[in-house]
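# Coordinates in review
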Amino acid sequence: MKEIFKRNVPGTTEILQKSTVAVAGCGGLGSNAAVALVRSGVGSLILVDFDTVELSNLNRQYYFHNHVGMKKTEALAKLLYDINPDVNLELHSIVLEPQMIEKLFKSADLLIEAFDKAENKQWLIESWCRAFPDRPVVAASGLSGMGRTEAVKVHKGGNIYLCGDEESQAEEGLCAARVAMVANMQANIAVAILTGQEEV
Amino acid sequence: MILVNNRDRVPYTQGMTVQDLLDKMGYSYSLITVTVNGTLVPKEEYDYFVIKDNSSVNVFHLAHGG
């Protein structure tokens, strides 16, 4: 086993190395979740985002000044390779559409929904459930503002896991501490599901 | 009895649809995802999907931000 995973939870790295997670959206949620997944030992990620890194992203997204102007998928890939050079990454710098889900995410064991707009979250969750009724989706809703730590929860129904307070809206402003907390909740649920520690 | 969001209990009425339940619960927000006994119910089926007694319904509220 690789030295970087020496302190991992025993028995989990082997399973996670063989797992593929799709991350739809590489902003505040997706970039933070992807970093946690790769550090946890997930072997393959499919990253999707059409956007480029802007200065205004740096208050919460896992990017640095030298990434500004780069495609988010490519900037994130650089970071993830810096953590684990052997991670398998598939990058799609495209605007995701419902009819692409089945083909694009065919090899994914699980989806991290990391979109920004609620209406996009809605069709993504629904398209995933239609395409892959037996595969889990870990989504996020309500991660804006700051504080209110105890309002953040995991809402489960079928194969849908929704992290957040289900209330706060982006207009309140976004704070790294709260966004990353929810992103890491998503990653935490994902690794627990993949290793069989969370009931699906 | 219908269990909503693993928490609230709503009395069952015969022929009750997903939309009836949403109205009863006062959910008027359009950005939601609904599962009945773990299976997704698409938005276009809310008016027709009849909920059986003792079902577990989850209504996920989707807010902006990511």
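Residues numbered from 1 in each chain as written. Chains lettered and ligands numbered in written order. Predicted model: local features only at pLDDT ≥ 70, side-chain atom pairs only at ≥ 80, totals over all residues. Heavy atoms only, no water.

On to the overall build of chain A. Secondary structure summary: chain A contains 6 helices and 7 strands in total. The secondary structure elements of chain A, listed N-terminal to C-terminal, are α-β-α-β-α-β-α-β-α-β-β-β-α. With respect to the principal axes defined by its C-alpha atoms, chain A has extents near 45 × 40 × 35 Å. Taking all 200 residues of chain A together, 56% fall into the buried category. In chain A, the share of contacts with a sequence separation of at least 24, taken over all contacts with a separation of at least 6, comes to 67%. Considering chain A, the positive charge centre built from 19 side chains and the negative charge centre built from 25 side chains are found 4 Å apart. (Helix = DSSP H or I, 4+ residues; strand = E, 2+ residues; numbered from the N terminus. Buried < 20%, exposed > 50% of the residue type's maximum accessible area, 1.4 Å probe, protein only. Contact = heavy atoms within 4.5 Å. Lys, Arg positive; Asp, Glu negative; His and termini not counted. Charge placed at Lys NZ, Arg CZ, Asp CG, Glu CD.)

One open sheet accounts for 5 strands, arranged β2-β1-β5-β3-β4 (chain B); its pairing is mixed. Unpaired on one side and paired on the other, β2 (8-10) and β4 (39-41) of chain B mark the two borders of the sheet. Ignoring which end each strand starts from, the neighbouring axes of this sheet average 30 degrees apart. Summarising the sheet, strand β3 (residues 32-36) of chain B and strand β5 (residues 56-61) of chain B pair through 5 bridges and their orientation is antiparallel. Counterpart to B:Thr33 in the pairing with β5(B) is B:Phe60. Strands in contact with helix α5 (residues 118-131) of chain A are β3 and β4 of chain B; relative to β3(B), the strand with the most contacts, it is inclined by about 30 degrees. (Pairing = 2+ DSSP bridges. Axes fitted to C-alpha atoms, helices over the stretch in contact; angles between N-to-C directions.)

All names here are of chain A. For the structure on display, the rule yields 10 salt bridges over all chains. Taking the shortest distance from any N to any O, the salt bridge between Glu113 and Lys121 comes out at 3.2 Å. When its relative accessible area of 0% is taken as the criterion, Lys121 is described as buried. Look at the salt bridges and you will find they share partners, linking Arg148, Asp165, Glu172 and Arg178 into a network. (Salt bridge = Lys/Arg side-chain N within 4 Å of Asp/Glu carboxyl O.)

Looking at where B:Thr35 falls in the secondary structure, it is placed in strand β3. With residues up to four places along the chain from it excluded, the contact list for B:Thr35 reads A:Gly157, A:Ile160, B:Leu40, B:Val41, B:Ser56, B:Val57, B:Asn58 and B:Phe60.

Next up on the list: the packing of helix α2 (residues 28-40) of chain A against helix α3 (residues 72-83) of chain A. Residues and elements named next belong to chain A. Two elements in contact, α2 and α3, have axes whose closest approach is 10 Å; the angle formed by their N-to-C orientations is 20 degrees. Here α3 runs roughly parallel to α2, going by the angle between their axes. You can see that α2 and α3 cross each other, and the crossing is right-handed. Each of Gly30, Ser31, Ala34, Val35, Val38 and Arg39 in α2 lies in contact with α3, whose residues at this interface are Leu76, Leu80 and Ile83. Looking at the contact of α2 with α3, its residues break down into 6 nonpolar, 2 polar and 1 charged. (Parallel < 35°, antiparallel > 145°, perpendicular 65-115°, else oblique. Left-handed = near helix turned anticlockwise from the far one by under 90°. Nonpolar A, V, L, I, M, F, W, Y, C, P; charged D, E, K, R; others polar.)

Turning our attention to α3(A). Since the α-helix packs 3.6 residues into each turn, any two residues three or four apart lie on the same face. Over its 12 residues, α3(A) extends 17 Å from the first C-alpha to the last, a length consistent with the 16 Å expected when each residue adds 1.5 Å. Among the structural elements, α2, β2 (44-48) and β3 (88-92) of chain A are those in contact with the buried residues of α3(A). (Expected span 1.5 Å × (residues − 1).)

Looking now at the pairing of β5(B). Across 2 bridges, the pairing between strand β1 (residues 2-4) of chain B and β5(B) is parallel. Across the sheet, B:Leu3 pairs through a bridge with B:Ser56, a residue of β5(B).

Quick look at the pairing of β2(A) now. All names here are of chain A. In terms of burial, β2 is a largely internal element, 5 of the 5 residues being buried. Residues Ser44, Ile46 and Val48 point to one face of β2 and Leu45 and Leu47 to the other, with burial holding for every one of them. Bridge analysis of strand β1 (residues 20-24) against β2 gives 5 bridges, and the strand direction is parallel. Across the sheet, Val23 pairs through a bridge with Leu47, a residue of β2.

Turning our eyes to something else, we now look at the nonpolar core. Core analysis: the largest hydrophobic core is formed by 44 residues, its most contacted members being A:Val21, A:Leu37, A:Leu45, A:Leu76, A:Leu80 and A:Ile112. For this core, the elements supplying multiple residues, two or more each, are β1, α2, β2, α3, β4 (110-113), β5 (137-140), β7 (160-164) and α6 (176-194) of chain A. Setting aside its immediate chain neighbours within four residues, A:Leu45 contacts A:Val21, A:Val23, A:Ala34, A:Leu37, A:Val38, A:Leu80, A:Asn88, A:Leu89 and A:Glu90. Ranked by size, the runner-up nonpolar core spans 25 residues in total, among them A:Val137, A:Ala139, A:Leu162 and B:Leu31. (Core = buried A, V, L, I, M, F, W, Y, C linked by side-chain atoms within 4.5 Å.)

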